[in-house]
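Read off the chains here:
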Amino acid sequence: MLTEKHHFVFSDYIEVSMKIFAETQHLYMRAITDDDLEAMFELDSDPLVHRFLGQRPLKARKQSQQYIDHIKMQYQKYGVGRWAVIEKATGEFTGWSGLKVNFEDIFNGHENLIDVGYRLMPRYWGKGYATESGKAAVRYGFEVLGLDTIYGMTEPDHHASRRVLEKIGLTYVEDFVLESENLPLTFYKTDKPEAHN
Ligand SMILES: CC(C)(COP(=O)(O)OP(=O)(O)OC[C@H]1O[C@@H](n2cnc3c(N)ncnc32)[C@H](O)[C@@H]1OP(=O)(O)O)[C@@H](O)C(=O)NCCC(=O)NCCS
């Protein structure tokens, strides 16, 4: 388990920011950097993208910068965080995908969890990219980070996201309301393959 005392470290952020964490048939996943600010703001200011994320699209670039800063902090502290998803054929930033460390939050009694998530620009939807990048992130979590369990969460009515979680290999756990944001959530998880034996 990744913990604050025992964690997988790339303490030098430069090393992390240059890194390609994973590669799939159509995509590669690299660290998100300050150079992604415009693309991240395009992503998060789009109401379509935020339809199932509490419906609060961002209004200002500084909010995207704060989000990038948080991801960079996760790279430095834990060696992992959401990744930029780059389409190999075009070299374009399509959005982000990957793991997030949630050690500060409690989800209906679940603590110290790491979740897989994804957020793509609408022009890249329907190409299998969330599934492709999400599978790579889960594999990375088990094989490189040595995690025992990876979680996923989405709003109950977000059927595309639920479908992606299932295609990645997660199974349904429960529904609950995240009190801090008054947000109904559906919770999924997957255990590392050996744990099934
Ligand atoms: C959700 C999201 C990540 C999906 O990305 P994507 O790359 O289009 O997903 P994939 O192509 O890998 O797979 C989508 C699956 O959902 C299915 N799907 C799409 N819309 C659906 C719907 N309304 N109901 C049921 N299934 C649906 C697709 O058919 C596909 O399944 P299939 O391969 O069995 O046909 C993308 O729409 C997105 O970024 N949305 C905005 C951000 C967001 O909501 N992120 C998730 C927050 S929890």
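Parameters and conventions
- Residues numbered from 1 in each chain as written.
- Predicted model: local features only at pLDDT ≥ 70, side-chain atom pairs only at ≥ 80, totals over all residues.
- Helix = DSSP H or I, 4+ residues; strand = E, 2+ residues; numbered from the N terminus.
- Buried ≥ 20, exposed ≤ 12 C-beta atoms within 10 Å, placed from the backbone.
- Contact = placed C-beta atoms within 7 Å.
- Near = placed C-beta within 6 Å.
- Nonpolar A, V, L, I, M, F, W, Y, C, P; charged D, E, K, R; others polar.
- Core = buried A, V, L, I, M, F, W, Y, C linked by C-beta atoms within 7 Å.
- pLDDT = per-residue confidence, 0-100.
- Axes fitted to C-alpha atoms, helices over the stretch in contact; angles between N-to-C directions.
- Parallel < 35°, antiparallel > 145°, perpendicular 65-115°, else oblique.
- Left-handed = near helix turned anticlockwise from the far one by under 90°.
- Pairing = 2+ DSSP bridges.

**Notes on the overall build of the chain**
Next up, step 1: If you tally the helices and strands in the chain, you get five helices and eight strands.
Next up, step 2: Each helix and strand of the chain, placed in order from N terminus to C terminus, yields the pattern α-β-β-α-α-β-β-β-α-β-α-β-β.
Next up, step 3: Within the span of the chain, comprising 197 residues, buried residues form 32% of the whole.
Next up, step 4: Counting contacts in the chain only where the partners sit at least 6 residues apart, residues at least 24 apart contribute 61% of the total.

**Description of the site of the ligand**
Next up, step 1: Near the ligand there are 22 residues, and of these A130, T131, T154, H159 and A160 occur at the shortest range.
Next up, step 2: Of all the secondary structure elements, the ones that give two or more residues to the shell around the ligand are β5 (113-120), α4 (129-143) and α5 (159-168).
Next up, step 3: Per element, the largest residue contribution to the shell around the ligand is five residues, and it comes from α5.
Next up, step 4: Each residue belonging to the shell around the ligand can be placed in one class, and the counts come to ten nonpolar, nine polar and three charged.

**Things to note about the nonpolar core**
One broad trend across soluble globular proteins is that nonpolar side chains are buried collectively.
Next up, step 1: The biggest cluster of nonpolar side chains holds 39 residues, and the ones touching the most others in it are M29, W83, A84, V85, I114 and Y151.
Next up, step 2: If you tally residues by element for this core, the top one is α4, at six residues.
Next up, step 3: Not counting the four nearest positions on each side in its chain, Y151 is found in contact with L113, I114, D115, F187, Y188 and K189.

**Side note on the confidence of the model for the chain**
Next up, step 1: For the chain, per-residue confidence averages 90 on the pLDDT scale, and 89% of positions sit at 70 or higher.
Next up, step 2: Low pLDDT, under 50, characterises residues 3-12; the stretch is placed with 15 contacts to residues that sit more than four places away or in other chains.

**Section: the packing of α4 against α5**
Next up, step 1: At a closest axis distance of 9 Å, the pairing of α4 and α5 adopts a crossing angle of 45°. It follows from the interaxial angle that α4 and α5 lie oblique. Of the two possible hands of crossing, α4 and α5 adopt the one that is right-handed. Here α4 contributes A130, T131, G134, K135 and V138 to the contact with α5, which in turn contributes V164, K167 and I168.
Next up, step 2: Here the contact of α4 with α5 is built from residues that sort into four nonpolar, two polar and two charged.

**Section: the pairing of strand β4 (residues 93-102)**
Next up, step 1: With respect to burial, β4 is a largely interior element, nine of its ten residues being buried.
Next up, step 2: Where strand β3 (residues 82-87) and β4 come together, five bridges link them in antiparallel fashion. Following the sheet pairing, A84 is matched in β4 by W96.
Next up, step 3: Connecting β3 to the next strand, β4, in antiparallel fashion are five residues, including G91 with a positive phi near 75°.

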